[in-house]
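Chain by chain, the residues run as shown.
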Amino acid sequence: MSMLLRSLLAVGMTSLLLVGCGEKEEAAPVEAPAPVAAPAPAPAAPVVGGYEPSTDERIPGITLDPAQIAAETEAAAAAAAGEVAKFADSEPQ
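What comes next is a walk through the structure. Keep in mind that this is a model prediction, so the values were computed, not measured.

Here we look at the overall build of the protein
1) Next: Secondary structure summary: the protein contains two helices and zero strands in total.
2) Next: Element-wise, carbon and sulfur atoms account for 68% of the exposed surface of the protein, whose accessible area totals about 9200 Å².

Rendered as structure tokens:
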């Protein structure tokens, strides 16, 4: 058994030395990839669509009214525009 282990160890070490000290392969030159055309822009999302619950299906506090959503969106856009204007008017320090 000892002889078998010694021979496996000797073969293993020899193969490691041959691989480690062997001739190195040269890396193949890397070709530049062909330019890829820009993807087409995604179609605009529809403004209205999907399931609209009827008035008796609406649950207050869970189902949002489209008019309420539009009003909140406009208010947020106006507030953001005000912040941008205030930032643009301020002097850099």
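Picking up where we left off.
Notes on a nonpolar patch on the surface
1) Next: On the surface, a cluster of nonpolar side chains totalling about 320 Å² of accessible area is made up of Leu4, Leu5 and Leu8.
2) Next: Of note, Leu5 is situated in helix 1 (residues 2-21).
3) Next: Take Leu5: its relative accessible area is 53%, and that puts it in the exposed class.

So, helix 1
In an α-helix, one turn spans 3.6 residues, which is why side chains three or four residues apart end up on the same side.
1) Next: With 20 residues, helix 1 extends 28 Å from end C-alpha to end C-alpha; this agrees with the ideal 28 Å at 1.5 Å per step.
2) Next: When you tally the buried positions in helix 1, you get zero out of 20 residues, a small fraction of the element.

Here we look at the environment of Pro53
1) Next: With respect to the secondary-structure elements, Pro53 resides in the loop between helix 1 and helix 2 (66-89).
2) Next: Once the C-alpha coordinates of Pro53 and Asp65 are considered, the two residues, twelve residues apart in sequence, prove to be 9.9 Å apart.
3) Next: Apart from the residues lying within four places of it in its own chain, the contact partners of Pro53 are Arg58 and Thr63.

Reading the values: the criteria
Residues numbered from 1 in each chain as written. Predicted model: local features only at pLDDT ≥ 70, side-chain atom pairs only at ≥ 80, totals over all residues. Heavy atoms only, no water. Helix = DSSP H or I, 4+ residues; strand = E, 2+ residues; numbered from the N terminus. Areas by Shrake-Rupley, 256 points an atom, 1.4 Å probe, with all protein chains shown as cover. Patch = residues over 30% accessible without salt bridge, like charges linked within 9 Å, V, L, I, M, F, W, Y side chains within 5 Å. Salt bridge = Lys/Arg side-chain N within 4 Å of Asp/Glu carboxyl O. Buried < 20%, exposed > 50% of the residue type's maximum accessible area, 1.4 Å probe, protein only. Expected span 1.5 Å × (residues − 1). Contact = heavy atoms within 4.5 Å.

Function-wise, these values are silent; they only describe arrangement.
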